[in-house]
Amino acid sequence: QVQLVESGGGLVQAGGSLRLSCAASGYIFSIKTMGWYRQAPGPGKQRELVAVWTSDSTNYVDSVKGRFTISGDNAKRSVYLQMNSLKPEDTAVYYCAVRDHRSRDYWGLGTQVTVSS
């Protein structure tokens, strides 16, 4: 059974930094992408893709470009998200996600990030 475990969330003041980590356990067939999503509090808020990592590329949602950096390690089956210059609007539950080359998706349970103004 595959499990993704996130860590590193917490409460930080605006302008501060946090580093999220996610480690996968269990068998995953050939990882294709690893990424981070987030879901902000409030009715109607959708889960949005924040950043995605492959072995040769990274992509970010516009709102975090220049502030967040995603990195990954296929051998360790781990993905990280360095978040700098945090803003109150970054407050959300952050989820780690992994997709394999059979298009199977795996999700973590999420870690809360709260940015105070």
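Per-chain numbering applies: the sequence of each chain, read as written, is numbered from 1 onward. In keeping with the predicted nature of the model, local features appear solely for residues at pLDDT of at least 70, side-chain atom pairs appear and are counted solely at 80 or more, and the whole-chain, interface and lining totals rest on all residues. With hydrogens and water stripped out, all remaining heavy atoms of the structure feed into the side-chain values.

Peer 1: So what exactly am I meant to see when it comes to the sheet that holds strand S8 (residues 78-83) here?
Peer 2: One key point about sheets: their strands pair by backbone hydrogen bonds, in either a parallel or an antiparallel sense. Two strands pair under a simple rule: DSSP has to find at least two bridges between them. Where helices and strands are cited, they refer to DSSP runs of H or I of at least four residues and of E of at least two residues respectively, numbered from the N terminus. Pairing is antiparallel in the open sheet, where 4 strands are placed in the order S1-S3-S8-S7. Two strands bound the open sheet, and with one partner strand each, they are strand S1 (3-7) and strand S7 (68-73). Across the sheet, the axes of successive neighbouring strands diverge by a mean angle of 15°, strand direction being ignored. Two strands pair when backbone bridges link them, and S1 and strand S3 (residues 18-25) are joined in this way by 5 bridges, in the antiparallel orientation. Only the stretch in contact is used when fitting a helix axis, every axis being a line fitted to C-alpha atoms; angles between N-to-C directions are given from 0 to 180 degrees.

Peer 1: Explanation requested: the nonpolar core in the structure shown.
Peer 2: In this text, buried Ala, Val, Leu, Ile, Met, Phe, Trp, Tyr and Cys residues form a nonpolar core when linked through side-chain atoms within 4.5 Å. Accessibility here uses a 1.4 Å probe with only protein chains present; expressed as a share of the type maximum, an area under 20% marks a residue as buried, one over 50% as exposed, and anything in between as partly exposed. In this structure, Leu 4, Trp 36, Val 50, Phe 68, Leu 81, Met 83 and Tyr 94 are the most contacted members of the largest nonpolar core, which totals 28 residues. Of all the elements in the fold, those that place two or more residues in this core are S3, strand S4 (31-39), strand S5 (48-54), S7, S8, strand S9 (92-100) and strand S11 (111-116). Whether two residues are in contact is decided by their heavy atoms: any pair within 4.5 Å suffices. Look past the residues within four positions of Leu 81 in its chain and what remains in contact with it is Leu 18, Arg 19, Leu 20, Trp 36, Val 50, Ala 51, Phe 68, Thr 69, Ile 70 and Tyr 94.

Peer 1: Looking at this structure, how should I read the pairing of S11?
Peer 2: Consecutive side chains along a regular strand alternate between the two faces of the sheet. Here S11 shows one buried face, formed by Thr 111, Val 113 and Val 115, and one open face, formed by Gln 112, Thr 114 and Ser 116. Where strand S2 (residues 10-13) meets S11, 4 bridges bridge the pair, whose relative direction is parallel. Directly across from Leu 11, in S11, lies its bridge partner Thr 114. Note: S9 against S11, 3 bridges, orientation antiparallel. Considered in S11, the bridge of Val 93 is made with Gln 112.

Peer 1: What should I look at first to understand the packing of aromatic side chains in this one?
Peer 2: Two measures describe an aromatic ring pair: the distance that separates the ring centres and the angle between the ring planes. The aromatic pairing rule takes the rings of Phe, Tyr and Trp, using the six-membered ring of Trp, and pairs them if the centres are within 6.5 Å, calling planes under 30 degrees apart stacked, those over 60 edge-to-face and the rest tilted. Inspection of every chain in the model, using the stated rule, returns 1 aromatic pair. For a ring to carry a charge above it, either NZ of a lysine or CZ of an arginine must fall within 6 Å of the ring centroid while also lying within 35 degrees of the normal to the ring plane. Of note, Arg 47 hangs over the ring of Tyr 95, and the distance from its end group to the ring centre comes to 3.7 Å. The aromatic ring of Phe 29 is capped on one face by Arg 102, whose charged end is 3.9 Å from the ring centroid.

Peer 1: Sorry, what's going on with the side chain of Asp 100 here?
Peer 2: Here Asp 100 is to be found in strand S9. Residues scored as charged are limited to Lys and Arg (positive) and Asp and Glu (negative), so that His and the chain ends carry no count. Between Lys or Arg on one side and Asp or Glu on the other, a salt bridge is scored when a side-chain nitrogen of the former is within 4 Å of a carboxyl oxygen of the latter. Despite its burial, Asp 100 pairs with no opposite charge; the closest candidate is Arg 104, at 4.7 Å N-O. At 2.8 Å, the side chain of Asp 100 and the backbone nitrogen of Arg 102 are in polar contact. Discounting chain neighbours no more than four positions away, the residues touching Asp 100 are Ile 28, Phe 29, Ser 30, Ile 31, Lys 32 and Tyr 106. Nitrogen and oxygen atoms within 3.5 Å of one another constitute a polar contact, given that in protein one can donate a hydrogen and the other can accept it, and given that sequence-neighbouring residues count only through two side-chain atoms.

By themselves these figures say nothing about function.
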